[in-house]
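Next come the chains, spelled out residue by residue.
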Amino acid sequence: MKKIFLALFILGALPFQSNAQQWLTIKGGGGISMVPGYGGTLPGVSINSGIGYKHQISKRLILEGDILLDTRAVSYETGVYDANDKMVYFEGASQYIQVPLTAQLIIPFKKKQLIPYRIGQPKSFFFIEGGPYFSYGTSVSTYNDPDIIALWGASDAFTADDLTPRNIDVGVTGGFGLNFSIREGKSRLVVGTRANYGMLNMFTDDRLGTASNFSAVGYLALDLRLTKRNHIKHRW
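Per chain, residues are indexed from 1 in the order of the written sequence. Local features in a predicted model are, by the rule used here, given only for residues with pLDDT of at least 70; side-chain atom pairs are given and counted only at 80 or more, and totals for whole chains, interfaces and linings are based on all residues. Note: side-chain values were computed over all heavy atoms of the structure, leaving out hydrogens and water.

Student: Help me understand the confidence of the model for the protein chain, please; the structure alone is not making it clear to me.
Tutor: Keep in mind that low pLDDT regions are not for reading the predicted coordinates in detail. Values of pLDDT, the confidence the predictor places in each residue, fall between 0 and 100. The pLDDT averaged across the protein chain works out to 85; a share of 82% of its residues lies at or above 70. In this description, contact between two residues means that some pair of their heavy atoms is separated by no more than 4.5 Å. Under a pLDDT of 50 for its full length, residues 11-18 has, in the predicted model, 12 contacts with residues more than four places off or in other chains.

Student: It is not clear to me how the nonpolar core should be interpreted in this structure. Could you clarify?
Tutor: One broad trend across soluble globular proteins is that nonpolar side chains are buried collectively. Residues Val35, Tyr38, Tyr76, Met202, Phe203 and Ala211 are the most contacted members of the largest nonpolar core, which totals 13 residues. When near neighbours in sequence (up to four residues on either side) are disregarded, Met202 contacts Val35, Tyr76, Tyr96, Val140, Thr142, Pro165, Arg166, Ala211, Ser212 and Asn213. Judged by nonpolar contacts, the second largest core, of eight residues, contains Phe125, Phe127, Val190 and Ala221. Only buried residues count toward a nonpolar core. Its members are Ala, Val, Leu, Ile, Met, Phe, Trp, Tyr and Cys residues joined through side-chain atoms within 4.5 Å. Any residue under 20% of the maximum accessible area for its type is buried, any over 50% is exposed, and the rest in between are partly exposed; the area is computed with a 1.4 Å probe on protein chains only.

Student: Looking at this model, I keep getting lost on the side chain of Ser58. Mind explaining?
Tutor: Residue position: Ser58 is located in strand 3 (residues 44-58). We classify Ser58 as buried; its relative accessible area is 17%. At 3.2 Å, the side chain of Ser58 forms a polar contact with the backbone nitrogen of Leu61. Under the DSSP-based scheme used, a helix requires at least four consecutive residues in state H or I and a strand at least two consecutive residues in state E, with every element numbered from the N terminus. Between N or O atoms, a polar contact is any pair within 3.5 Å; within protein, one atom must be a potential hydrogen donor and the other a potential acceptor, and residues adjacent in sequence are included only when both atoms are from side chains.

Student: Looking at this structure, how should I read the environment of Thr71?
Tutor: Its place among the elements puts Thr71 in strand 4 (residues 61-81). The partly exposed category is assigned to Thr71, whose relative accessible area is 27%. Separated by 23 residues in the primary sequence, Thr71 and Asn48 place their C-alpha atoms 6.4 Å from one another. Thr71 has contacts with Val45, Ser46, Ile47, Ser94 and Gln95, leaving out every residue within four places of it along the chain. At 3.4 Å, the side chain of Thr71 and the side chain of Gln95 are in polar contact.

Student: When you look at the packing of aromatic side chains in this model, what are you seeing that I'm missing?
Tutor: By convention, a stacked pair of Phe, Tyr or Trp rings (six-membered ring in the case of Trp) has centres within 6.5 Å and planes under 30 degrees apart, an edge-to-face pair has planes over 60 apart, and any other such pair is tilted. In the structure shown here, the tally under the stated rule is five aromatic pairs. Ring geometry for Tyr38 versus Tyr76: centroids 5.6 Å apart, planes at 75°, classification edge-to-face. Placement of the pair is Tyr38 in the loop between strand 1 (22-34) and strand 2 (41-42) and Tyr76 in strand 4, with a sequence separation of 38 residues. By relative accessible area, Tyr38 is classed as buried at 10%.

Student: Would you take a moment to explain the environment of Lys54 for this structure?
Tutor: Among the structural elements, Lys54 can be located in strand 3. It is 9.6 Å that separates the C-alpha atoms of Lys54 and Gln104, two residues lying 50 residues apart in sequence. Excluding residues within four positions of it along the chain, Lys54 makes contact with Gln21, Gln22, Trp23, Thr25, Ile62, Leu63, Glu64, Gln104, Asn179, Val190 and Asp223. Only 2.8 Å separates the side chain of Lys54 from the side chain of Asp223, close enough to count as a polar contact.

Student: What am I meant to see in the side chain of Asp66 here?
Tutor: With respect to the secondary-structure elements, Asp66 resides in strand 4. Among the polar contacts listed, one links the side chain of Asp66 to the side chain of Lys27, at a separation of 3.3 Å. Polar side-chain contacts of Asp66 include one of 3.1 Å to the side chain of Arg194.

Student: Which parts of the structure should I look at to understand the pattern of salt bridges?
Tutor: Oppositely charged side chains may form a pair once their charged atoms are brought near each other. A side-chain nitrogen of Lys or Arg and a carboxyl oxygen of Asp or Glu constitute a salt bridge if their distance falls within 4 Å. Taken as a whole and judged by the stated rule, the model has nine salt bridges. Across the pair Asp70 and Arg72 runs a salt bridge whose closest N-O atoms are separated by 2.7 Å. The class of Arg72 is buried, set by a relative accessible area of 3%. One salt bridge connects Arg194 with Glu129, and the closest N-O pair in it is separated by 2.9 Å. With a gap of 65 residues between them, Arg194 in strand 10 (residues 187-198) and Glu129 in strand 8 (residues 124-139) connect regions that are remote in the sequence. Here Arg194 matches Glu129 in class, with each residue buried. Each of Lys27, Glu64, Asp66, Glu129 and Arg194 takes part in one network of salt bridges that share partners.

Structure below.
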């Protein structure tokens with residue numbers, strides 16, 4: 001939780017820098033969720049939505065921080081078959097509060113819109129982005145394979161804490177998209193996609209296996225301008 005509060009403090013402090021364009025962004029979207037490293041799983045649905053803050057620090061670079069509700073569903077094979085000889089799956093569903101911090105590289109369609117020492121926002125531009133993320137799981141579920149547990153013999157080989165999945169995830173996010181000016185530049189519409197890869201094992205005990213969080217989502221976002229300036233002076 002301390003990391004979440006630190007991220008919120010950083011996001012809250014950024015608007016006090018006066019020499020930049022700033023936006024409040026509202027976004028939502030969905031895609032697929034997977035569990036790399038753990039065999040016998042089927043991809044599920046990932047839904048990602050929330051709010052964020054964008055801060056332009058140079059004519060080509062924007063920093064963004066988001067607070068997102070990240071919901072994921074993945075099906076795990078149980079090794080058990082029903083009366084119709086079909087595999088029975090454990091439906092795992094997890095929900096995280098995700099805080100990604102990304103840097104966006106602006107690639108304008110018309111380069112002449114970037115004037116030295118004085119810039120306005122291009123009417124449209126392509127961007128690529130990347131950075132770290134931190135997630136706190138409010139509800140996390142994984143499948144504890146009884147065959148794997150049985151390999152360790154004694155019935156008390158695993159405690160309740162050992163069988164409880166990790167509720168903290170740290171990873172990297174990356175993506176790209178298109179950004180369009182609307183309402184005479186007062187707002188911007190963003191169409192983008194992101195991939196999120198977790199670096200931590202979802203199982204707290206490595207004896208249960210290895211599983212990482214992964215999702216690929218598409219999203220729509222609306223950027224609301226927080227500053228009225230049409231141009232920003234920078235000394236690069």
